[in-house]
Amino acid sequence: MFLQSEVSHRCSLLCLGPLAFHHQAVGEKIRLSHGGRLAEKTEATFKNGLVFSSRPVKVQERIRLRVQRDSFIWDGALRVGFTTVPPSARSLPLPCMAIPNLTDKPGHWAVPLNESVCEAGSELEFWVSDGGSIYVAVNNRQCKELTGVDLSQPLWAMIDIYGQTSSILLLGSEKRKLFYTRRSCPPPESLSSLAGSVPDVSDFTGDDCISCLDTEIPADTTCVVCKVKEARITLPCGHRCLCKHCNSRVCQEFGTCPLCRHKIRAPSAEELV
């Protein structure tokens, strides 16, 4: 039985590109479903739970996960990190653990998470900073876990469903900017077979999605600049994202939509009334 899709696949100018778990480079005891976003153990074991992102991730791109199931038979919990080794270049079977089997090799960085933040229902995110440090955030509290990640090569997210963690759901990813946030999308559902096989989206990038013209733009209720007043101004690009006060300021100081960078003009006196 597969979970129903939580997100309708509609690429936009802000899309980071489809993101799932790589369909080939998976641990011996892992089964993928839900379009490649749900990874779960097939046996009661603490190891053989490695998964990788289906595409390279960007610096400051926050990978968001939810722990779906846990088991208190084992000690330890989820391990998260990054690697410069492409999942498609890995030979099977994969090593049984990220730490130390992979982290002892060049191009691999991973940190163990505390069991208390990996209980069923817990949501967390991790990312690599511009300085090459791995950060983990749980319940809006973040801390630096590891330094020294090599940013000179593409990076794939690396996750070890270890110890008490039994299954995880990839909620997506986001990259936050001053005036907007870019987000990933799930792989197109039409590419997944009825048997639950997962498409290889390793070659997808954010640029692949920018060319999509059937964008659906959700109207937010809060101004993306002040975060207080209601967003009542609909810009030429279609984004309703600014209040009247911030609309005037953004037009004068930036001249572009804060979400998609489409050029906008300063409002007329009649529009400000």
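Rules and cut-offs
Residues numbered from 1 in each chain as written. Predicted model: local features only at pLDDT ≥ 70, side-chain atom pairs only at ≥ 80, totals over all residues. Heavy atoms only, no water. Salt bridge = Lys/Arg side-chain N within 4 Å of Asp/Glu carboxyl O. Helix = DSSP H or I, 4+ residues; strand = E, 2+ residues; numbered from the N terminus. Buried < 20%, exposed > 50% of the residue type's maximum accessible area, 1.4 Å probe, protein only. Phe/Tyr/Trp six-rings, centres within 6.5 Å; stacked < 30°, edge-to-face > 60°. Lys NZ or Arg CZ within 6 Å of the ring centre and 35° of its normal. Pairing = 2+ DSSP bridges. Axes fitted to C-alpha atoms, helices over the stretch in contact; angles between N-to-C directions.

Caption draft 1: Expanded view of the pattern of salt bridges. Under the counting rule described, the total for this entry stands at 10 salt bridges. Across the pair Arg176 and Glu125 runs a salt bridge whose closest N-O atoms are separated by 3.3 Å. With Arg176 in strand E12 (residues 165-176) and Glu125 in strand E8 (residues 123-128), the pair connects residues that are 51 residues apart, well separated along the chain. Look at Arg176 and you get partly exposed, because its relative accessible area is 44%. Look at the salt bridges and you will find they share partners, linking Arg62, Glu125, Glu174, Arg176 and Arg183 into a network.

Caption draft 2: Quick look at the packing of aromatic side chains. As enumerated under the stated definition, the model contains 4 aromatic pairs in all. Taking the centre distance of 5.4 Å and the plane angle of 55° together, the rings of Phe46 and Trp74 count as tilted. Of this pair, Phe46 sits in the loop between strand E3 (38-41) and strand E4 (50-52) while Trp74 sits in the loop between strand E5 (62-70) and strand E6 (79-83); the two residues are 28 residues apart in sequence, bridging distant segments of the chain. For the ring pair Phe46 and Tyr162, a centre distance of 5.9 Å and an interplane angle of 90° mean the geometry is edge-to-face. Taken as a pair, Phe46 in the loop between E3 and E4 and Tyr162 in the loop between strand E11 (156-160) and E12 lie far apart in primary sequence, 116 residues in all. Owing to a relative accessible area of 12%, Tyr162 belongs among the buried residues under this scheme. One aromatic cluster in this structure is built from Phe46, Trp74 and Tyr162. Positioned over the ring face of Trp127 is Arg62, at 3.7 Å from the centre of the ring. In this structure, Arg79 is placed above the aromatic ring of Tyr162, and the distance from its NZ or CZ to the ring centre is 3.8 Å.

Caption draft 3: Highlighting the sheet that holds E4. Strand order across the open sheet formed by 4 strands is E4-E11-E6-E7, with antiparallel pairing between neighbours. The strands lining the two open edges of the sheet, one partner per strand, are E4 and strand E7 (108-112). Put simply, the sheet's adjacent strands are angled 20° from each other on average, direction ignored. Here E6 runs beside E11; their pairing, made up of 5 bridges, is antiparallel. Its bridge partner lying in E11, Arg79 is registered against Asp160.

Caption draft 4: Main features of the pairing of strand E13 (residues 181-185). The sheet contact formed by strand E1 (residues 15-18) and E13 spans 3 bridges and is parallel. Its bridge partner lying in E13, Cys15 is registered against Arg183. With 3 bridges joining them, E12 and E13 adopt antiparallel strand pairing. By the bridge assignment, Glu174 is partnered in E13 with Arg183. Linkage of E12 to E13, two consecutive antiparallel strands, is achieved through a turn of 4 residues.

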